Amino acid sequence: MPLEEEPQRRHYRIDRRRDPPMAWEAYADEEEEQHMMHPDAIDYTKHDYTYPTLLTSVPSTNNYPPLEPLGDLLQRWPQDELDTPPTPFVEQLLHFDYQNSEEMKIAVLFRNAELPFKIYNIPEVDLATKKWTDDYVGKEFHDPGSGKNDLFHPMKVLADGHADESLDNFFSFYKPDLWSVPKMGPPPSISNDWSYSKWASHARYADKVKLPHNQRHFYWQAGVPREERLQSQKYWTFISRDLPSFSSKDATFFGFNPKEQKGIQCRFGERGVTAATHYDAGRNMVVMIKGAKRYILSPPIACPKLGIVTKKHHPAWRHSLLNFGHMNFLDDDVNGKSMPPEERAWLEIAKEAPSIDTVLKAGEVLYIPSHWFHYITSLQKSAQCNTRSGRHKEGNPHFGGHKDVLACVGGGA
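It should be emphasised that the depicted structure is a prediction, and the values quoted were computed from it without experimental measurement.

**Student:** Mind showing me how you'd approach the sheet that holds strand E14 (residues 292-298) here?
**Tutor:** Working definition: the strands of a sheet are paired by backbone hydrogen bonds and lie parallel or antiparallel to each other. If you trace the six strands from one edge of the open sheet to the other, you get E3-E15-E14-E17-E12-E8, paired in mixed fashion. Here the strands that pair on one side only, and so sit at the sheet edges, are strand E3 (68-69) and strand E8 (170-171). Pairing of E14 with strand E17 (residues 373-378), which is carried by six bridges, proceeds in the antiparallel orientation. Across the sheet, Tyr 295 pairs through a bridge with Ile 376, a residue of E17.

Printed below as a string of structure tokens:
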């Protein structure tokens, strides 16, 4: 049922606890131990990958990372065809071993050069991948429909989180206070009052049945304020406790500019959930704790091709509302002809945006430089957190920086 037709509900939030059980609940696994993916689905934590030979220095040309037109990338592996990836998947971003001191020296050079790469073999992350079961995580979040504290452990500090939902698998950022439903139609997504455990149950169901991309999807979001790391650790939530290199008030490889750290953001995705392309001003370290996500990265110089909203008072300013998965419909006689002309025009432009993709799987960290755009699809039930370490204005001479995004988006970018 379209969001705008659901009676007596606000446009931006649904109170679902009063709803009768949804059809999917009869087929969901009640416990994580019962969780089984569909036999035809791919577990991307175990997929076949090849990796590039490590470089020993930062290239003086623009040949790393190797970029290609976004349209070519999505033609080779269409966004919503989750179970037909290239096999093996050819990784083109450099992968550095966190416990190899020589490799980490090179990683610092690439970080300073504002170039993307990945890190693996990180002890605290490997521990978190084992620790973050649904039972554990569910007990560490407060229930949005109840009080803040654990009734059995009233002194325990619980994390804040909430579920969002969309009529299909596509989610795009917007500011609810600026979104006019009469003028713009229903918003891209809305929040509901599910607990983490309820969200996790649906995410397991999505894996079990290979949830189609055109059915309703759910997304759990959480955050830790920057002030938390300055408090005594007894007041830390589980996110800060379990990721000390991301929450430390002292500099680490992952939080290397603690004065500019903005806290930790976590996103728990279910199969198919796709986040529209956007950029973060801060230098971004993204850690995957469970499952896997596909990241499509585009450099700052690609901004004019990505359909970024440039009107400052638009609710999606600095973000895109384009579903890149629709690129494959452009030549479709049915779906292509019914596509709005403005969307078609922008997708034709976006097809040429220089891009690269990578599969970020449990145990890995991805470095996304300042102002690099990222478009994200959860390939299976997943958990990912990130922390940012301040803006790098100059960027990279080959791929652009703040000035390129500023010219594209305008003041305030």
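**Student:** What is the right way to read the pattern of salt bridges from this model?
**Tutor:** It is possible for side chains of opposite charge to pair when their charged atoms get near one another. Evaluation of the coordinates by the stated rule reveals 26 salt bridges. Where Glu 364 meets Lys 118, a salt bridge forms, and the shortest distance between an N and an O atom there is 3.1 Å. In this pair, Glu 364 is assigned in the loop between strand E15 (354-361) and strand E16 (365-368) and Lys 118 in strand E6 (residues 117-120), connecting sequence segments 246 residues apart. Accessibility classification places Glu 364 together with Lys 118 in one group, the buried group. Here Arg 344 and Glu 348 are joined by a salt bridge, their closest N and O atoms 3.9 Å apart. Pair noted here: Arg 344 and Glu 348 are both in helix H9 (residues 341-350), with a separation of four residues, about one helical turn.

**Student:** Just checking my understanding: could you explain the sheet that holds strand E9 (residues 190-192) for this structure?
**Tutor:** Strand order in the open sheet formed by 10 strands is E1-E9-E7-E10-E11-E18-E13-E16-E6-E5, and the pairing between neighbours is mixed. Across the chains shown, the open sheet's two edge strands, defined by having one partner strand only, are strand E1 (13-14) and strand E5 (95-97). Judged from the seven bridges that link them, strand E7 (residues 160-166) and strand E10 (residues 217-224) form a sheet pairing that is antiparallel. Within the sheet, the bridge partner assigned to Asp 164 lies in E10 and is Tyr 219.

**Student:** In this structure, what is going on with helix H2 (residues 101-112)? I would like to understand it.
**Tutor:** An α-helix turns once per 3.6 residues; consequently, residues spaced three or four apart project the same way. Taking 1.5 Å per residue as the helical rise, H2 with its 12 residues ought to reach 16 Å, and the 17 Å between its terminal C-alpha atoms agrees with that figure. Among the structural elements, E5, E6, strand E13 (282-290) and E16 are those in contact with the buried residues of H2. N-capping of H2 is provided by Asn 100, with a side-chain oxygen placed 3.1 Å from the backbone N of Glu 102.

**Student:** Would you explain the packing of aromatic side chains in this entry?
**Tutor:** Two measures describe an aromatic ring pair: the distance that separates the ring centres and the angle between the ring planes. Throughout the structure, instances matching the rule amount to 33 aromatic pairs. Among the aromatic residues, those joined into a ring-pair cluster are Tyr 64, Phe 96, Tyr 98, Phe 110, Phe 117, Phe 246, Phe 253, Phe 254, Phe 256 and Tyr 367. Between Arg 318 and the ring centre of Trp 317, over which it is positioned, the NZ or CZ distance is 5.7 Å. Here the guanidinium or amino end of Lys 361 rests over the ring plane of Tyr 49, the centre of that ring lying 4.1 Å away.

Rules of the game
Residues numbered from 1 in each chain as written. Predicted model: local features only at pLDDT ≥ 70, side-chain atom pairs only at ≥ 80, totals over all residues. Heavy atoms only, no water. Pairing = 2+ DSSP bridges. Helix = DSSP H or I, 4+ residues; strand = E, 2+ residues; numbered from the N terminus. Salt bridge = Lys/Arg side-chain N within 4 Å of Asp/Glu carboxyl O. Buried < 20%, exposed > 50% of the residue type's maximum accessible area, 1.4 Å probe, protein only. Expected span 1.5 Å × (residues − 1). Contact = heavy atoms within 4.5 Å. Polar contact = N/O pair within 3.5 Å; in protein donor to acceptor, adjacent residues only side chain to side chain. Phe/Tyr/Trp six-rings, centres within 6.5 Å; stacked < 30°, edge-to-face > 60°. Lys NZ or Arg CZ within 6 Å of the ring centre and 35° of its normal.

Function cannot be read off these values alone, since they describe shape.
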